[in-house]
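These are the residues of each chain, in order.
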Amino acid sequence: MSATYRAIEVSKPGQFAEVRRTLVDPGSDQVRIRVEACGVCHSDSGTVEGLFPITFPRVPGHEAVGRIDAVGSEVKGWAVGERVGVGFLGGACGYCDLCRNGDLVNCKNQEFTGIHSDGGYAEVMLAKASGLMRIPDEMSSVDAAPLLCAGLTTFSALRNSPAKAGDLVAVLGIGGLGHLGVQYARHMGFEVAAISRDADTAPLAKKLGAHHYIDSASTDPAAALQALGGAQVILVTAASGAVVSETFKGLRPNGVSVVLGVGPEPIQNSTTDLIFGKRKLEGALTGDPATGDTALRFSSLSGVSAMIETAPLEQAADAYAKMMAGKARFRMVLTMNNSITSPASEAA
Ligand SMILES: [Zn+2]
Ligand SMILES: [Zn+2]
């Protein structure tokens, strides 16, 4: 009899089911991972609500941490027993023109974890070796999980931005992404302004490392940023096109507004806002695996960590609902208590 493990799959849009799956060997370019923790990310809605073309059933989850327990025949550089992370990008192909030009994030043949392949809401998952990230020994699997997507996304965007030490960097939105963005910006040596839509968030923003707090409900955030000299970078973690527009004029000349939050609203800025001052508006999608390694190591060295609530794997549907309702403070992480059966234990 084959060994089995527990997984939470989405059987059809909006419907979770706990199932037992049969353990399979990794493909030649894959590793098999005993998952220890998996974060619940807003992008999981792409799977749960069926926003992407999904072949159901599908196991969501792209903030998975665990130990490698089997390695495919062609895999080099990874070994059984290593603790690894899997993020949203399922692993670059290495041969398309974008990969060959060093742009692994935009690989044409990249699958998205939990969307095209089964993700980390499970005790076991398969992952392509080219997408793996290394977890520092001193970091717990629970702490590492949210850094694989929310952490990497904010870290990579700041690291690739034109801001230099001492420059004013604004973080718009203090939620799952923003509460990490503020910490990274502070530890990277920027002057940090946090922007959110109420007065109550000010103490938290300051505690996370913000030097300034701007309440965009009571103040014009663009004018407030200009009063501080203008932002070199605005990291937009809120999923609203309107807030991008209303803060854009807070950029200093040659400043850039980097959009990370996905939302349906259009972004409306005038051409003169772009042209006078040569301001830029751009998007950023998570980051490559080496930047992920660096994000994890930097987090460990500097003490950056996500604020986390944990829930056992079997409560995945509740954890997902809490995250979608905006009630998680700030990242939900599923923990596995490992009920994997071996053929021996099943026979006993
Ligand atoms: Zn994510
Ligand atoms: Zn490629």
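The present account deals with the structure reproduced in this document.

Criteria and thresholds
Residues numbered from 1 in each chain as written. Chains lettered and ligands numbered in written order. Predicted model: local features only at pLDDT ≥ 70, side-chain atom pairs only at ≥ 80, totals over all residues. Heavy atoms only, no water. Donors = N, O, S within 2.8 Å, 3.2 Å for Na, K, Ca; no water. Helix = DSSP H or I, 4+ residues; strand = E, 2+ residues; numbered from the N terminus. Buried < 20%, exposed > 50% of the residue type's maximum accessible area, 1.4 Å probe, protein only. Arc of directions from axis to C-beta. Contact = heavy atoms within 4.5 Å. Core = buried A, V, L, I, M, F, W, Y, C linked by side-chain atoms within 4.5 Å. Pairing = 2+ DSSP bridges. Axes fitted to C-alpha atoms, helices over the stretch in contact; angles between N-to-C directions. Phe/Tyr/Trp six-rings, centres within 6.5 Å; stacked < 30°, edge-to-face > 60°. Lys NZ or Arg CZ within 6 Å of the ring centre and 35° of its normal. Parallel < 35°, antiparallel > 145°, perpendicular 65-115°, else oblique. Left-handed = near helix turned anticlockwise from the far one by under 90°. Nonpolar A, V, L, I, M, F, W, Y, C, P; charged D, E, K, R; others polar. 1 Å grid on protein atoms, 1.4 Å probe; cavity = no way out; pocket = protein on both sides within 12 Å on 5 of 7 lines; lining within 4 Å. Points joined across faces, edges and corners; volume = space filled by probe spheres on them. Tetrahedral: all angles 85-135°; square planar, octahedral: opposite > 155°, others 65-115°. Patch = residues over 30% accessible without salt bridge, like charges linked within 9 Å, V, L, I, M, F, W, Y side chains within 5 Å. Areas by Shrake-Rupley, 256 points an atom, 1.4 Å probe, with all protein chains shown as cover. Salt bridge = Lys/Arg side-chain N within 4 Å of Asp/Glu carboxyl O.

## Here's the deal with the coordination of the zinc ion (ligand 1)
In this structure, Cys41 (SG), His62 (NE2) and Cys149 (SG) serve as the protein donors to the zinc ion (ligand 1), at separations of 2.0 to 2.2 Å. One chain supplies every donor for the zinc ion (ligand 1), spaced along it as C-x20-H-x86-C. Within this pair, whereas His62 is found in the loop between α1 (45-48) and β4 (64-71), its partner Cys149 is found in the loop between α3 (141-144) and α4 (150-159), the two being separated by 87 residues in sequence. Cys149 shares its class with His62; the two are buried.

## Things to note about helix α11 (residues 316-324)
What α11 keeps buried is the set Ala316, Ala319, Tyr320 and Met323. Buried residues in α11, looked at end-on, bunch into an arc of 100°, giving them a common side. On its buried face, α11 is in contact with β1 (4-12), β2 (15-22), β3 (30-40), α1, β14 (308-312) and β15 (331-335). Looking one or two residues beyond α11, the residue adopting positive phi is Gly326, at roughly 75°.

## Some words on the nonpolar core
One finds Leu158, Val182, Tyr184, Phe190 and Leu296 to be the most contacted residues of the largest nonpolar core, which totals 42 residues. Sequence-distant contacts of Leu158, that is, excluding residues within four places in its chain, are made with Val169, Gly181, Tyr184, Ala185, Met188, Phe190 and Leu235.

## What about the sheet that holds strand β9 (residues 191-196)?
Across the sheet, six strands lie side by side as β10-β9-β8-β11-β12-β13; this open sheet has parallel pairing. Unpaired on one side and paired on the other, β10 (212-215) and β13 (280-283) mark the two borders of the sheet. Pairwise comparison of adjacent strand axes, ignoring direction, gives a mean angle of 20° for this sheet. Sheet topology note: the β9/β10 ladder contains four bridges and is parallel. Each residue of the ladder has a partner; that of Ala193, found in β10, is His212.

## Focus: the packing of aromatic side chains
A full pass over the atoms with the stated rule returns six aromatic pairs. Between the aromatic rings of Phe52 and Phe112, the centroid separation amounts to 6.1 Å while the plane-to-plane angle is 75°, which identifies the pairing as edge-to-face. Remark: Phe112 occurs in the loop between α2 (97-100) and β6 (124-128) and Phe52 occurs in the loop between α1 and β4; sequence separation between them is 60 residues. By way of ring pairs, the aromatic residues Phe52, Phe88 and Phe112 are connected into one cluster. Here the basic side chain of Arg134 rests over the ring of Trp78, its NZ or CZ set 4.0 Å away from the ring centre.

## Things to note about the packing of α4 against helix α5 (residues 178-187)
One way to put it is that α4 packs onto α5 with a least axis distance of 9 Å and a crossing angle of 40°. Overall, the two elements α4 and α5 adopt an arrangement that is oblique. Our pair here, α4 against α5, has a crossing hand that is right-handed. Across from Ala150, Gly151, Thr154, Phe155 and Leu158 in α4, the residues of α5 making contact are Leu180, Gly181, Tyr184 and Ala185. Across the contact of α4 with α5, the residue classes tally to six nonpolar, three polar and no charged.

## Quick word on empty space enclosed by the protein
Per the stated rule, a full pass over the model turns up one cavity of 30 Å³ or more. The volume enclosed by the largest cavity comes to roughly 60 Å³. Considering the residues around the largest cavity, the lining is formed by Gly87, Phe88, Leu89, Gly131, Met133, Leu148, Leu152, Thr286, Gly287, Asp288 and Pro289. Here the lining of the largest cavity is composed, by residue class, of six nonpolar, four polar and one charged.

## So, α4
Across the ten residues of α4, nine count as buried, placing the element largely inside the fold. Taken as a whole, α4 has its buried residues at Ala150, Gly151, Leu152, Thr153, Thr154, Phe155, Ser156, Ala157 and Leu158.

## What about the coordination of the zinc ion (ligand 2)?
The protein atoms that coordinate the zinc ion (ligand 2) are Cys93 (SG), Cys96 (SG), Cys99 (SG) and Cys107 (SG), at distances spanning 2.3 to 2.4 Å. One can describe the site at the zinc ion (ligand 2) as tetrahedral: its four donor atoms subtend angles covering 102 to 118° at the metal.

## Concerning the layout of surface pockets
Vacant regions in the atomic arrangement are exposed by a probe of water-molecule size rolled over the atoms. Each pocket or cavity is described by its volume, and for the largest pocket that value is around 1300 Å³. Lining the largest pocket are 47 residues, and of these His42, Leu177, Thr237, Ala239 and Gly261 sit closest to its centre. Sorting the residues of the lining of the largest pocket by element identifies α1, α4, β9, α8 (241-248) and α11 as the ones contributing at least two each. Broken down by class, the residue content of the lining of the largest pocket amounts to 25 nonpolar, 17 polar and five charged. By volume, the second largest pocket amounts to about 390 Å³. Taken together, 25 residues line the second largest pocket, and the ones lying closest to its centre are Gln30, Ser117, Asp118, Leu126 and Ala127. Breaking the lining of the second largest pocket down by element, the ones donating at least two residues are β1, β2, β3 and β6. Ranked by residues supplied to the lining of the second largest pocket, first place goes to β6 with five residues.

## Observations regarding a nonpolar patch on the surface
There is a patch of nonpolar side chains on the surface, built from Ile267, Leu274, Ile275, Phe276 and Leu281 and spanning about 480 Å² of accessible area. Mapping Ile267 onto the fold places it in the loop between β12 (251-259) and α9 (271-275).

None of this, on its own, says anything about what the molecule does.
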